[in-house]
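For reference, the chains in residue letters:
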Amino acid sequence: MGSTAGPAGTAHRLVTGAIALLAATTLVTACGSGDGGSDDGGGGGTSAGGVDDGATLTMWTRAATRPQSEALVEAYNAAHKNKIELTVVPTDDYQAKVGAAAGSKDLPDLFASDVVFVPNYTSSGLFTDLTERLDALPFADKLAQSHIKAGTYEDKKYVVPHTLDLSVLFFNKDLYKKAGLDPEKPPATLAEWDRQARAVDALGGGVNGTFFGGNCGGCGVFTWWPSVWAAGDDVLNEDGTGAQLASATAKKVYDTYRGWVKDDIVAPGARDETGVTWTGVFPKGKVGVMPMPSTTLGLMPKGLDLGVAPIPGPDGGKSTFVGGDAIGISATSDKADQAWNFLAWSVGDKAQVDVVAAHKDVVARTDLASNKHSEADPRLVTINELVAEGRTPYAMKFGQTFNDPNGPWLTLMRDAVFGDGASVDENNDAVTASLAD
């Protein structure tokens, strides 16, 4: 089931310390330059649907997305002449393995990547250009554009969405009722979130208003940044070399979280939470409202009456961090037409509805947000529709800056929330220095 990726989903994956891409990514890409538009043996339909001629394709994915990847590969293999041999790599080893394979020009035909690291691979020439093929899809503009943008380098597109994991608010309807709140009206502003969390916290008896991973840089980018985006602001400049994390909007977000810490509205353990047990707190039924990965919905206890809502900005708006994995064809593959057959199928109606949606995962297309599976659970429709509102940050130095527990972003987070917030501007400069390094 796709839902089993919850704690190991995007936010948890962002928690892990980034492994620097190996210098081996100086791969010569000439071998991939002609693959993207080849129609050899495929006739006029190759660019749109690829070739299904019984080829054996190799594919890598990380353990964090094993359930979704296995489901897609199994369904594809059952209905096509082509066959995919899937290798699942331990998540923490993935970047090093890709880097080593790039250096020896031994990449698989297809490989997925945490979307925040895709820019490192596109800029290093590890993927085949898919621009013409992608643009030929009748639903090209309906694909998750945040993933497409993350995989665009020098105006060429290199990936399609593989799995999606969004940051959303979860709220406990039973606790809302007990606190005198309307269980059908989640917070639409950060101020309302603050008020509702405090109302639930006032219940006492081991109940807390909210929770967050306070020693977890990945948790912060995943759940704090949407409140800034919801206000229409940015957190980074366009090319990911400068931080804008000291804006008035960002400071309002930090101030709210700092207020929760100061007034003990947060469940115990937030200060030391590195992300490992972050998503295990809400399911216990003692927290009112908190942001988490959408993939945790399927992990919730059946008896827990909960709602799902977008993450709001200080004065309204809504956004989400569109995480997950993107996938492309390696620049060294000599089976690009056959590999594209899988990619095109994977984002097509049948795969998205009968495989992805059936597993209660987020669909990669906005036009399929409401489908026969999601319609049975309005919360899934809410999550799916949020894809169009979300963003995926673009930065070459994302890992060292935001994931590394010794990086400058975590320092900013902790000073802003557990300190007095006076060093935010200085810490923002440190983030910029890391991004531009």
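Residues numbered from 1 in each chain as written. Predicted model: local features only at pLDDT ≥ 70, side-chain atom pairs only at ≥ 80, totals over all residues. Heavy atoms only, no water.

Undergrad: Got a minute to help me understand the overall build of the chain in this structure?
TA: Each helix and strand in the chain was counted, giving 18 helices and 11 strands. Per-residue burial for the chain yields a buried fraction of 58% across its 437 residues. Accessible area for the chain stands at about 16,000 Å²; split by element, carbon and sulfur atoms hold 48% of it. (Helix = DSSP H or I, 4+ residues; strand = E, 2+ residues; numbered from the N terminus. Buried < 20%, exposed > 50% of the residue type's maximum accessible area, 1.4 Å probe, protein only. Areas by Shrake-Rupley, 256 points an atom, 1.4 Å probe, with all protein chains shown as cover.)

Undergrad: Where do I start with the packing of helix H17 (residues 408-418) against helix H18 (residues 424-436) in this structure?
TA: To describe two helices that pack against each other, one gives the angle between their axes and the distance between the axes. Contact pair H17 / H18: the axes reach a minimum separation of 8 Å and the direction vectors enclose 170°. As judged from the angle between their axes, H17 and H18 are roughly antiparallel. Remark: the crossing between H17 and H18 carries left-handed chirality. Note on element contacts: H18 touches H17 through Val-424, Asn-427, Asn-428, Ala-430, Val-431 and Ser-434, opposite Pro-408, Trp-409, Thr-411, Leu-412, Asp-415 and Ala-416. (Axes fitted to C-alpha atoms, helices over the stretch in contact; angles between N-to-C directions. Parallel < 35°, antiparallel > 145°, perpendicular 65-115°, else oblique. Left-handed = near helix turned anticlockwise from the far one by under 90°. Contact = heavy atoms within 4.5 Å.)

Undergrad: What is the right way to look at helix H14 (residues 349-356) in this model?
TA: One full turn of an α-helix is made of 3.6 residues, so residues set three or four places apart face in the same direction. Within the span of H14, buried status applies to Ala-351, Gln-352, Val-353, Val-355 and Val-356. Residues of H14 that are buried in the fold lie against helix H3 (66-79) and helix H13 (336-346).

Undergrad: Explain the pairing of strand S10 (residues 316-319) here, please?
TA: Sheet faces and side chains relate simply in a regular strand, where the side chains alternate between the two faces. In this sheet, S10 lies alongside strand S9 (residues 311-313) in antiparallel orientation, the contact comprising 3 bridges. Directly across from Pro-312, in S10, lies its bridge partner Lys-318. The antiparallel hairpin formed by S9 and S10 contains 2 residues in its connecting segment. (Pairing = 2+ DSSP bridges.)

Undergrad: Honestly, the side chain of Thr-189 in this entry has me stumped. Any pointers?
TA: You can see Thr-189 is positioned in the loop between helix H8 (173-178) and helix H9 (190-201). We classify Thr-189 as buried; its relative accessible area is 15%. Within the structure, Thr-189 has its side chain in polar contact with the backbone nitrogen of Glu-192 (distance 2.9 Å). Excluding residues that lie within four positions of it along the chain, Thr-189 makes contacts with Pro-312, Gly-313, Pro-314, Asp-315 and Gly-316. (Polar contact = N/O pair within 3.5 Å; in protein donor to acceptor, adjacent residues only side chain to side chain.)

Undergrad: Help me understand the environment of Thr-432, please; the structure alone is not making it clear to me.
TA: In this structure, Thr-432 sits in helix H18. Distance in space between the C-alpha atoms of Thr-432 and Gln-244 is 8.4 Å, their sequence separation being 188 residues. With residues up to four places along the chain from it excluded, the contact list for Thr-432 reads Thr-241, Gly-242 and Ala-243.

Undergrad: Would you mind going over the pattern of salt bridges with me for this structure?
TA: Close approach of charged atoms allows side chains of opposite charge to pair. Tallying each qualifying case throughout the model produces 18 salt bridges. Here Asp-315 ties to Lys-252 by a salt bridge, and the two come within 3.8 Å at their closest N and O atoms. Of this pair, Asp-315 sits in the loop between S9 and S10 while Lys-252 sits in helix H12 (residues 248-262), placing them 63 residues apart in sequence. Assessed through its relative accessible area of 42%, Lys-252 is described here as partly exposed. Arg-258 is paired through a salt bridge with Asp-255; the nearest N and O atoms lie 2.7 Å apart. Separated by 3 residues within a single helix, Arg-258 and Asp-255 lie in helix H12, roughly one turn from each other. Take Arg-258: its relative accessible area is 21%, and that puts it in the partly exposed class. Given a relative accessible area of 38%, Asp-255 falls into the partly exposed group. In this structure, a network of salt bridges that share partners links the residues Asp-194, Arg-198, Lys-262 and Asp-263. (Salt bridge = Lys/Arg side-chain N within 4 Å of Asp/Glu carboxyl O.)

Undergrad: Teacher, can you tell me more about the nonpolar core here?
TA: If you look at the biggest cluster of nonpolar residues, it comprises 93 residues, and the most contacted ones within it are Trp-224, Trp-225, Leu-245, Phe-402 and Trp-409. If we ignore the near neighbours within four places in the chain, the residues touching Trp-224 are Phe-212, Cys-219, Val-253, Tyr-254, Tyr-257, Trp-409, Met-413 and Val-417. Ranked by size, the runner-up nonpolar core spans 34 residues in total, among them Leu-72, Leu-110, Leu-137 and Val-363. (Core = buried A, V, L, I, M, F, W, Y, C linked by side-chain atoms within 4.5 Å.)

Undergrad: For this particular structure, what's the right way to read the environment of Lys-318?
TA: Structurally, the position occupied by Lys-318 is in strand S10. Setting aside residues up to four positions removed in sequence, Lys-318 forms contacts with Ala-230, Pro-310, Ile-311 and Glu-389.

Undergrad: Can you walk me through the confidence of the model for the chain in this structure?
TA: Do not read the fine detail of predicted coordinates wherever pLDDT is low. In the predicted model, the chain carries a mean pLDDT of 89, and 89% of its residues have values of at least 70. Here residues 1-47 is modelled with pLDDT under 50, and outside its nearest four sequence neighbours on either side it reaches 126 contacts, counting other chains as well. (pLDDT = per-residue confidence, 0-100.)

Undergrad: Mind showing me how you'd approach unusual backbone geometry here?
TA: The backbone of Lys-105 sits at a positive phi, close to 55°, despite the residue not being glycine. Position of Lys-105 relative to the elements: it lies in the loop between helix H4 (94-103) and strand S3 (110-114).

Undergrad: Just checking my understanding: could you explain the packing of aromatic side chains for this structure?
TA: The final tally for this structure, using the stated rule, is 25 aromatic pairs. Look at Trp-193 and Trp-260: their rings are 5.2 Å apart centre to centre, the planes differ by 50°, and that puts the pair in the tilted class. Placement of the pair is Trp-193 in helix H9 and Trp-260 in helix H12, with a sequence separation of 67 residues. Both residues of the pair, Trp-193 and Trp-260, belong to the buried class. (Phe/Tyr/Trp six-rings, centres within 6.5 Å; stacked < 30°, edge-to-face > 60°.)

Undergrad: Quick question: what am I supposed to make of H3 here?
TA: Between the first and last C-alpha of H3 there are 20 Å, a value that for 14 residues agrees with the 20 Å anticipated at 1.5 Å per step. Within H3, burial applies to Pro-67, Gln-68, Ser-69, Ala-71, Leu-72, Val-73, Tyr-76 and Asn-77. Next to the buried residues of H3 lie strand S1 (56-62), strand S2 (83-89), strand S6 (160-172), H13 and H14. (Expected span 1.5 Å × (residues − 1).)

Undergrad: Can you help me understand the packing of H9 against H12 in this one?
TA: For the pair H9 and H12, the least separation of the axes is 11 Å and the interaxial angle reads 5°. In terms of orientation, H9 lies roughly parallel with respect to H12. On H12, the residues touching Leu-190, Trp-193, Asp-194, Ala-197 and Arg-198 of H9 are Lys-252, Val-253, Thr-256, Tyr-257, Gly-259 and Trp-260.

Undergrad: Just to check I follow, could you spell out the pairing of strand S11 (residues 322-329) for this structure?
TA: Counting buried positions along S11 gives 8 out of 8 residues, so the element sits mostly inside the fold. Here S3 runs beside S11; their pairing, made up of 5 bridges, is antiparallel. Note that in S11 the partner of Ser-113 across the bridge is Ala-326. Note that S6 and S11 share 6 bridges and pair antiparallel. Across the sheet, the residue bridging to Leu-166 is Val-322, located in S11.

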